[in-house]
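So the chains spell out like this:
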Amino acid sequence: MRIWVDGGLRDSADATVSVLDHGLTVGDGVFETLKAVDGRPFALTRHLNRLARSARGLGLPEPDRDEVARACEAVLAANPMPFARLRITYTGGLSPLGSDRGDAGPTLVVALGEAAVRADSTAVVTVPWTRNETGALTGLKTTSYGENVVALARAHEHGASEALFANTRGRLCEGTGSNVFVVVRGRLLTPPLSSGCLAGITRALVVEWAGAQEADLPLEVLAEADEIFLTSSLRDVQAVHRVDDRELPGAPGPVTAKAMRIFAERAGADLNP
């Protein structure tokens, strides 16, 4: 495996960063995960735009987009895979122990790992913890992922692949690494960004391509929705056949199946929408 670290490709055994990197010590970093098919990344421009937004929100220097794009191209070329997860990580760099950021400059790492094509449907659980829709990191894709690790472990304990959060107001928000859509009386709905959810790349494309609408939804909508599906860079559009103890027979339902079909067709026709 060849990994890009701070300016060049390195063998995985030599692809290291300092133990004093602020991304390690305090989670001071941002990242993006892209789907790559046969060495070609999907929606790279949108991901680079969001990486820059997250960096600005965290107060990090603007990433050099040309360098990040070159790094992605180099890593994909060096590690041929039919279906993979391309991960861009951009941190505060070498810093003192503590929250103060150092002046050594940011760290850039780009790595690739094999990924499995998702099943057509999956199970999810709700968790008792909440997203803070007014927090300093709300809407930023940061490396501070501890809450997601805990929630995803809870999901796995209950035979599910994802955990869904409400926000502090009890409104439906998002998953640990996905956005959520529901079908209620024929309407395709998803929580608004004001709920505290991440502005997912796949989410935005499904809203645009499948005609979904944003709606402020109670968490309890999961108990009555006719269909539910998740979106993310590696899931694309994935139906939900169980929420907690509630089964949704026949998943994917007709609205979900249509969204899956539209996304597959549009994404296949344009790798950088």
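In what follows, the accompanying structure is described. (Residues numbered from 1 in each chain as written. Predicted model: local features only at pLDDT ≥ 70, side-chain atom pairs only at ≥ 80, totals over all residues. Heavy atoms only, no water.)

Once that is clear, we can look at the layout of surface pockets. Considering only enclosed or pocket space, the largest pocket measures out at about 1,200 Å³ in volume. In this structure, the largest pocket is lined by 46 residues; those nearest its centre are Lys141, Tyr145, Asn148, Thr176 and Gly177. Put simply, the parts of the chain that give the lining of the largest pocket at least two residues each are β3 (29–37), β5 (83–91), β7 (121–131), α4 (146–157), β9 (172–175), α5 (201–210) and β13 (227–232). A total of five residues in the lining of the largest pocket trace back to one element, the largest contributor, which is α4. In this structure, the second largest pocket is lined by 13 residues; those nearest its centre are Lys35, Asp236, Ala264, Ala267 and Gly268. Only β3, β14 (236–243) and α6 (254–269) provide two or more residues apiece to the lining of the second largest pocket. A total of five residues in the lining of the second largest pocket trace back to one element, the largest contributor, which is α6. (1 Å grid on protein atoms, 1.4 Å probe; cavity = no way out; pocket = protein on both sides within 12 Å on 5 of 7 lines; lining within 4 Å. Points joined across faces, edges and corners; volume = space filled by probe spheres on them. Helix = DSSP H or I, 4+ residues; strand = E, 2+ residues; numbered from the N terminus.)

Further remarks concern the packing of α5 against α6. Any two packed helices are characterised by the angle at which their axes cross and by the distance between the axes. Where α5 meets α6, the axes come as close as 10 Å, and the angle between the chain directions of the two elements is 105 degrees. Viewed along their axes, α5 and α6 adopt a mutual orientation that is roughly perpendicular. Along its contact with α5, which presents Thr202, Leu205, Val206, Trp209 and Ala210, the element α6 presents Ala259, Ile262, Phe263, Arg266 and Ala267. (Axes fitted to C-alpha atoms, helices over the stretch in contact; angles between N-to-C directions. Parallel < 35°, antiparallel > 145°, perpendicular 65-115°, else oblique. Contact = heavy atoms within 4.5 Å.)

This paragraph deals with the sheet that holds β5. Strand order across the open sheet formed by six strands is β2-β1-β6-β5-β3-β4, with antiparallel pairing between neighbours. The open sheet terminates on both sides in strands that have one partner only, identified here as β2 (8–11) and β4 (40–41). Here two bridges tie β3 to β4, and the two strands are oriented antiparallel to one another. Note on β4: the bridge partner recorded for Ala36 is Pro41. The sheet strands contacting helix α2 (residues 44–58) are β3, β4 and β5, and the helix crosses β3 at an angle near 170 degrees. Lying on the sheet, helix α3 (residues 65–78) is in contact with β1 (2–5), β2, β3, β4, β5 and β6 (107–114); it crosses β6 at an angle near 30 degrees. (Pairing = 2+ DSSP bridges.)

Attention shifts here to the side chain of Lys141. Here Lys141 lies in the loop between β7 and α4. An unpaired buried charge is present at Lys141: no salt bridge exists, and Glu32, the closest side chain of opposite charge, is 6.0 Å distant. (Buried < 20%, exposed > 50% of the residue type's maximum accessible area, 1.4 Å probe, protein only. Lys, Arg positive; Asp, Glu negative; His and termini not counted. Salt bridge = Lys/Arg side-chain N within 4 Å of Asp/Glu carboxyl O.)

Moving on, we come to the packing of aromatic side chains. The full count for this structure, using the stated rule, is four aromatic pairs. Here the aromatic rings of Phe42 and Phe263 are separated by 6.0 Å at their centres, their planes lie at 70 degrees, and the arrangement is edge-to-face. Remark: Phe263 occurs in helix α6 and Phe42 occurs in the loop between β4 and α2; sequence separation between them is 221 residues. In this structure, Phe42 and Phe263 share a single accessibility class: buried. Judged by centre distance (4.9 Å) and plane angle (10 degrees), the rings of Phe181 and Phe229 are stacked. Residue Phe181 is found in strand β10 (residues 179–184), and its partner Phe229 is found in strand β13; the two are separated by 48 residues along the sequence. Judged by relative accessible area, which is 0%, Phe181 ranks as buried. An aromatic cluster of at least three residues, connected via ring pairs, comprises Phe42, Trp209 and Phe263. Taking NZ or CZ as reference, Lys35 lies 5.0 Å from the ring centre of Phe42, over its face. Positioned over the ring face of Phe165 is Arg131, at 4.0 Å from the centre of the ring. (Phe/Tyr/Trp six-rings, centres within 6.5 Å; stacked < 30°, edge-to-face > 60°. Lys NZ or Arg CZ within 6 Å of the ring centre and 35° of its normal.)

The subject of this paragraph is the nonpolar core. If you look at the biggest cluster of nonpolar residues, it comprises 23 residues, and the most contacted ones within it are Leu86, Ile88 and Val110. Elements represented by at least two residues in this core include exactly β3, α2, α3, β5 and β6. Look past the residues within four positions of Ile88 in its chain and what remains in contact with it is Val30, Phe31, Glu32, Leu34, Leu48, Leu51, Val68, Cys72, Leu108, Val109 and Val110. (Core = buried A, V, L, I, M, F, W, Y, C linked by side-chain atoms within 4.5 Å.)

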